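Observations on chain architecture
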Amino acid sequence: MDRADFQYSQRELDTIEVFLTKSSRGNRISCMYVRCVPGARYTVLFSHGNAVDLGQMSSFYIGLGTRLNCNIFSYDYSGYGVSSGKPSEKNLYADIDAAWQALRTRYGISPDSIVLYGQSIGTVPTVDLASRYECAAVVLHSPLTSGMRITSPVLIIHGTEDEVIDFSHGLALYERCPKAVEPLWVEGAGHNDIELYSQYLERLRRFISQELPSQRA
């Protein structure tokens, strides 16, 4: 819309598809598919943080996917953005399930081409889904400590000065996770600024372009 804070070019708008799907708990879940790269090898299923929605994240998704050479698929939790219902732990699990099914069926993306990415609160549904389905890899960004039953390679990213989820959570997960690759501890970073550090993109790029094919060989 003309009054939007962030103006998208037509070319950017043409890469974004937004639709609603229904969760097993009966909520309408809004989904966004960003086709950043034609014929991308991987699609990132991104579970965002707490105080944002798809509208606020979309410009970040366009930039991230373009730089990582991946497409990005994301969704809003129940009660976020235009998704119906109320936020709850059970809804989080149903919400990511609905997103996963939509990505698999609507776009025909196979599990070995999906990288699950959870940020902050989004690490909770991400870990739950990764414990139930095979996928290419998992990225946990400023994660909460939760059960590690993941069989895919896992990259953990955490700021050493995180004021919301203490750095000890990331460390504990790394020590417990049998499939963890070399983590990224961002010296001096807090909870909401890791993406501003150059090593963030460098580490993600190396993980997706170099470490995944070798893990899959």
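An unreviewed UniProt entry lists the chain under the name Serine aminopeptidase S33 domain-containing protein, with Balaenoptera physalus given as the organism.

Comments concerning the packing of aromatic side chains
In total, this model carries 14 aromatic pairs according to the counting rule given. Seen in terms of ring centroids, Phe 19 and Tyr 107 are 6.2 Å apart; in terms of plane orientation they differ by 55°. Their pairing is tilted. Within this pair, whereas Phe 19 is found in strand 1 (residues 16-22), its partner Tyr 107 is found in helix 3 (residues 89-107), the two being separated by 88 residues in sequence. The same class applies to Phe 19 and to Tyr 107, which are both buried. Ring geometry for Phe 46 versus Tyr 117: centroids 4.3 Å apart, planes at 15°, classification stacked. Linking Phe 46 in strand 3 (residues 43-47) with Tyr 117 in strand 5 (residues 114-119), this pair joins segments that are 71 residues apart in sequence. You'll find Phe 46 and Tyr 117 in the same group, each marked buried. Through pairs of rings, three or more aromatic residues link up here, namely Phe 19, Tyr 33, Phe 73 and Tyr 107.

Quick look at the packing of helix 3 against helix 4 (residues 123-132)
For the pair helix 3 and helix 4, interaxial distance at closest approach is 9 Å and the crossing angle is 60°. The orientation of helix 3 with respect to helix 4, classified from their angle, is oblique. Relative to helix 4, the crossing made by helix 3 is right-handed. Along its contact with helix 3, which presents Leu 92, Tyr 93, Ile 96, Asp 97 and Trp 100, the element helix 4 presents Val 124, Pro 125, Thr 126, Asp 128, Leu 129 and Arg 132. For the contact of helix 3 with helix 4, a count of residues per class yields seven nonpolar, one polar and three charged.

Structural notes on the pattern of salt bridges
All chains considered together, the criterion is met by seven salt bridges. Residue Arg 106 pairs with Glu 17 through a salt bridge whose shortest N-O separation is 2.8 Å. Taken together, the positions of Arg 106 in helix 3 and Glu 17 in strand 1 put the pair 89 residues apart, joining distant regions of the chain. Linked by salt bridges that have partners in common, Glu 182, Arg 203, Arg 206 and Glu 211 make up one network.

Re the environment of Ala 180
Position of Ala 180 among the secondary structure elements: in the loop between helix 5 (167-176) and strand 8 (184-186). With a relative accessible area of 23%, Ala 180 lands in the partly exposed category. Once residues within four sequence positions are removed from consideration, Ala 180 is found in contact with Val 154 and Tyr 174.

Here's the deal with the environment of Val 164
With respect to the helices and strands, Val 164 occurs in the loop between strand 7 (154-159) and helix 5. Distance in space between the C-alpha atoms of Val 164 and Ile 109 is 34 Å, their sequence separation being 55 residues.

Focus: the side chain of Thr 123
Take Thr 123: it is sitting in helix 4. In this structure the side chain of Thr 123 is engaged in a polar contact, spanning 3.3 Å, whose partner is the backbone nitrogen of Leu 144. For Thr 123, the residues in contact, after removing those within four places along its chain, are Gly 118, Leu 140, His 141, Pro 143 and Leu 144.

A few points about the pairing of strand 7
Across the six residues that make up strand 7, a large majority, six, are buried. Residues Val 154, Ile 156 and His 158 point to one face of strand 7 and Leu 155, Ile 157 and Gly 159 to the other, with burial holding for every one of them. Here strand 6 (residues 137-141) runs beside strand 7; their pairing, made up of four bridges, is parallel. Bridge pairing links Val 139 to Leu 155 in strand 7. Relative to strand 8, strand 7 is paired through three bridges, and the arrangement is parallel. Of the residues in strand 8, the one forming a bridge with His 158 is Trp 185. Once the chain exits strand 7 it traverses helix 5 before rejoining the sheet at strand 8, and the crossover so formed is right-handed.

The rules behind each value
- Residues numbered from 1 in each chain as written.
- Predicted model: local features only at pLDDT ≥ 70, side-chain atom pairs only at ≥ 80, totals over all residues.
- Heavy atoms only, no water.
- Phe/Tyr/Trp six-rings, centres within 6.5 Å; stacked < 30°, edge-to-face > 60°.
- Helix = DSSP H or I, 4+ residues; strand = E, 2+ residues; numbered from the N terminus.
- Buried < 20%, exposed > 50% of the residue type's maximum accessible area, 1.4 Å probe, protein only.
- Axes fitted to C-alpha atoms, helices over the stretch in contact; angles between N-to-C directions.
- Parallel < 35°, antiparallel > 145°, perpendicular 65-115°, else oblique.
- Left-handed = near helix turned anticlockwise from the far one by under 90°.
- Contact = heavy atoms within 4.5 Å.
- Nonpolar A, V, L, I, M, F, W, Y, C, P; charged D, E, K, R; others polar.
- Salt bridge = Lys/Arg side-chain N within 4 Å of Asp/Glu carboxyl O.
- Polar contact = N/O pair within 3.5 Å; in protein donor to acceptor, adjacent residues only side chain to side chain.
- Pairing = 2+ DSSP bridges.
- Right-handed = clockwise from strand over helix to strand, strands pointing away.

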